[in-house]
Amino acid sequence: MARAFLFVLDSFGIGGAADAERYGDAGANTLGHIAEACAEGRADREGLRNGPLFVPHMASLGLGKAAETATGLGFDTGGTDLLATAFHGAAQEVSSGKDTPSGHWEIAALPVRFDWGYFPDTVPAFPADLTEAMIRTGKVPGILGNCHAPGTEIIERFGEEHIRTGKPICYTSVDSVLQIAAHEVHFGLERLYEFCKVVRKLVDPLRIGRVIARPFIGETAATFERTYNRHDYAVPPPEPTLLDRLTARGSRVIAVGKIGDIFAHRGISEVRKAAGNMAMFDEALGAMDDAGDGDLVFANFVDFDTEFGHRRDVAGYAAALEAFDRRLPEALAKLKQGDLLILTADHGNDPTWRGTDHTRERIPVIGTGPGFKGGDIGLRATFADIGETVAEHLGLARGPHGTSFYKTIGLYKTIGGHA
């Protein structure tokens, strides 16, 4: 048996990006600043959490060592011992941007070498001809927003007017996105999805990475709440990814969370979704049970990013990390001889940083597998090394991007042709 499980803790960067200054993020460090805030009591919240950041199971996989590799600075792991089979390191992104598609595509062994399109931080943010086409082709009475804004804030600002007028709320950020918020009942969820499909085609010439449906409920600014019926309409990858290579040879790729959306559902065998990190963890565990020889379970845990990173909620982010860590032994218990589990991230979103956007950071690469040698994989030059390592583990030929570190961590005994 050879199976692989790739868990992405969305936005869980560990600082140190060599090109962070180019993005205005020199000094950003999601893990480091959360751990610092916890140690100083600035992430204590009654009824939620208190004290130093406590993630012993990720620490046993080498999270502290990964942080040292990224920045030269670790964090207090409380003296947790490393598992003998654990491996650890960090990876530097080479893709343009600091967004979700770039990070995930590069993890799947396809760096993004082109520049995405972006909307200027002006009001209006969208070109007039695009706005006119959205209204005409999408058959809406107009749009609201048309600016850079955080999602929850713009819904509070325009939600009541949206309900009265039927105009969808359209906004963007420093990422290559056009986000569309609409009420699930008053506007209609399916109508929102159809409108997003129209807009997706309209922004293709502008090389916008994603059009994102952001449904919400509630009747007033005080009661509006985004739902988990978000849907991302992404540009398909320009070359085969690890997922395409696996499905082409007959293996299954089980996507948990928004992975299917990120890859425009290409190279995906099955999609499983749920509301919230813990429900998503349940789905990931079920996918581990169902995965067969040669299969990949690729899971994204989005709450770290959407609920805590973007909202600059340090205590919430810390609590979410601790909750994830408490569940990690359940995944470790499902690993069989020949299995490989990797925990990583797609970018940073330092909740102590200025603004509300992603931060350019290195990412942790930690994991284990029964019978693995484990060890230090160092600083990887690209996230694509993750995908190539999974490819080698699952018996695929080497791809054009990235370098596998499988020989550093690989199995003591030969299994399925691997040593």
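Residues numbered from 1 in each chain as written. Predicted model: local features only at pLDDT ≥ 70, side-chain atom pairs only at ≥ 80, totals over all residues. Heavy atoms only, no water.

So, about the pattern of salt bridges. Taken as a whole, this structure holds 28 salt bridges when the rule is applied. The closest approach of N and O atoms between Asp10 and Lys258, which form a salt bridge, is 3.3 Å. You can see Asp10 sitting in the loop between strand S1 (3–9) and helix H1 (30–39) and its partner Lys258 sitting in the loop between strand S9 (253–256) and helix H9 (259–262), a full 248 residues away along the chain. Overall, the relative accessible area of 0% leaves Asp10 in the buried class. Of the residues examined, Lys258 reaches a relative accessible area of 8% and is grouped as buried. (Salt bridge = Lys/Arg side-chain N within 4 Å of Asp/Glu carboxyl O. Helix = DSSP H or I, 4+ residues; strand = E, 2+ residues; numbered from the N terminus. Buried < 20%, exposed > 50% of the residue type's maximum accessible area, 1.4 Å probe, protein only.)

Two strands in a sheet stick together by hydrogen bonds in their backbones, pointing the same way (parallel) or opposite ways (antiparallel). The strand order across the open sheet built from 8 strands is S10-S9-S11-S1-S12-S13-S2-S14, with neighbouring strands paired in mixed fashion. Looking along the sheet, the strands with just one partner apiece sit at the ends: strand S10 (270–272) and strand S14 (375–380). Neighbour to neighbour, the strand axes of the sheet diverge by 15° on average, direction disregarded. Inspection of the sheet shows S1 paired to strand S11 (residues 296–301) by 6 bridges, in the parallel sense. Within the sheet, the bridge partner assigned to Ala4 lies in S11 and is Leu296. Against the sheet, helix H10 (residues 277–290) touches S1, S9, S10 and S11, its axis set at about 180° to S11. Lying over the sheet, helix H13 (residues 384–393) contacts S1, S11, strand S12 (339–344), strand S13 (363–368) and S14, oriented at roughly 170° with respect to S12. (Pairing = 2+ DSSP bridges. Axes fitted to C-alpha atoms, helices over the stretch in contact; angles between N-to-C directions. Contact = heavy atoms within 4.5 Å.)

Mapped onto the fold, His401 is located in the loop between H13 and helix H14 (406–409). Looking at His401, its side chain comes within polar contact range of the side chain of Glu239, at 3.2 Å. With near-sequence residues (within four places) excluded, His401 lies in contact with Ala109, Leu110, Pro111, Glu239, Ala384 and Glu388. (Polar contact = N/O pair within 3.5 Å; in protein donor to acceptor, adjacent residues only side chain to side chain.)

Turning our eyes to something else, we now look at the pairing of strand S6 (residues 210–217). Counting buried positions over the 8 residues of S6 gives 7, a clear majority of the element. With helix H7 (residues 184–203) bridging strand S5 (residues 177–183) and the parallel S6, this β-α-β connection has right-handed handedness. In this sheet, strand S7 (residues 225–226) lies alongside S6 in antiparallel orientation, the contact comprising 2 bridges. Directly across from Phe216, in S7, lies its bridge partner Arg226. (Right-handed = clockwise from strand over helix to strand, strands pointing away.)

We now examine the packing of aromatic side chains. In total, this model carries 14 aromatic pairs according to the counting rule given. Pairing Phe372 with Tyr406 gives two aromatic rings, centres 5.9 Å apart and planes at 85°, and the pair type is edge-to-face. Of this pair, Phe372 sits in the loop between S13 and S14 while Tyr406 sits in helix H14, placing them 34 residues apart in sequence. By the burial criterion, Phe372 is buried, and Tyr406 matches it. Taken together, the ring pairs connect Phe7, Phe281, Phe301, Phe304, Tyr317 and Phe324 into an aromatic cluster. Sitting over the face of the ring of Phe187, Arg191 holds its NZ or CZ atom 4.1 Å from the ring centroid. (Phe/Tyr/Trp six-rings, centres within 6.5 Å; stacked < 30°, edge-to-face > 60°. Lys NZ or Arg CZ within 6 Å of the ring centre and 35° of its normal.)

As a rule of thumb, soluble globular proteins bury nonpolar side chains together. Among the nonpolar cores identified, the biggest contains 88 residues, and Phe7, Leu53, Met58, Leu296, Leu321, Phe324 and Leu343 are the most heavily contacted of them. Per-element tally for this core: the top contributor is helix H12 (residues 314–333), with 9 residues. Excluding its chain neighbours within four sequence positions, the residues that come into contact with Leu343 are Phe7, Leu9, Met58, Leu61, Phe324, Leu328, Pro364, Val365 and Ile366. The next biggest cluster of nonpolar side chains, apart from the first, holds 22 residues, and it includes Ala125, Ile143, Ile180 and Ala213. (Core = buried A, V, L, I, M, F, W, Y, C linked by side-chain atoms within 4.5 Å.)

This part covers helix H6 (residues 151–165). Considering bend angle alone, the principal kink of H6 is centred on Phe158 and spans about 55°. For H6, the complete set of buried residues consists of Gly151, Ile154, Ile155, Phe158, Gly159 and His162. The secondary structure elements touched by the buried residues of H6 are strand S3 (144–148), strand S4 (169–172), S5, H7, S6 and S7. Gly166 sits one or two positions beyond H6 and adopts a positive phi of about 80°. (Bend = angle between axes of the 7 residues up to and from the residue.)

The next subject is the side chain of Thr382. Secondary-structure assignment places Thr382 in the loop between S14 and H13. Among the residues examined, Thr382 registers a relative accessible area of 11% and is labelled buried. When sequence neighbours within four positions are dropped, the list of residues in contact with Thr382 reads Ala91, Gln92, Val94, Glu106, Pro111 and Gly402.

Most of H13 sits out of view: 9 of its 10 residues are buried. Of the residues making up H13, those classed as buried are Ala384, Asp385, Ile386, Gly387, Glu388, Thr389, Val390, Ala391 and His393. Positive backbone phi, at 85°, marks Gly395, one or two positions downstream of H13.

This brings us to the pairing of S5. If a strand is regular, its side chains alternate between the two faces of the sheet. Burial within S5 is extensive, with 7 of its 7 residues counted as buried. In S5, alternate side chains face the same way, and those of Val177, Gln179, Ala181 and His183 on one face and Leu178, Ile180 and Ala182 on the other are all buried. Looking at chain direction, S4 and S5 are connected through 3 bridges and run antiparallel. Residue pairing for S5: Cys170 is matched across the bridge by Ile180.

Turning our eyes to something else, we now look at the environment of Thr152. Residue placement: Thr152 occurs in helix H6. A relative accessible area of 30% places Thr152 in the partly exposed class. Expressed as a C-alpha distance, the spacing of Thr152 and Leu411, which sit 259 residues apart in the sequence, is 47 Å.

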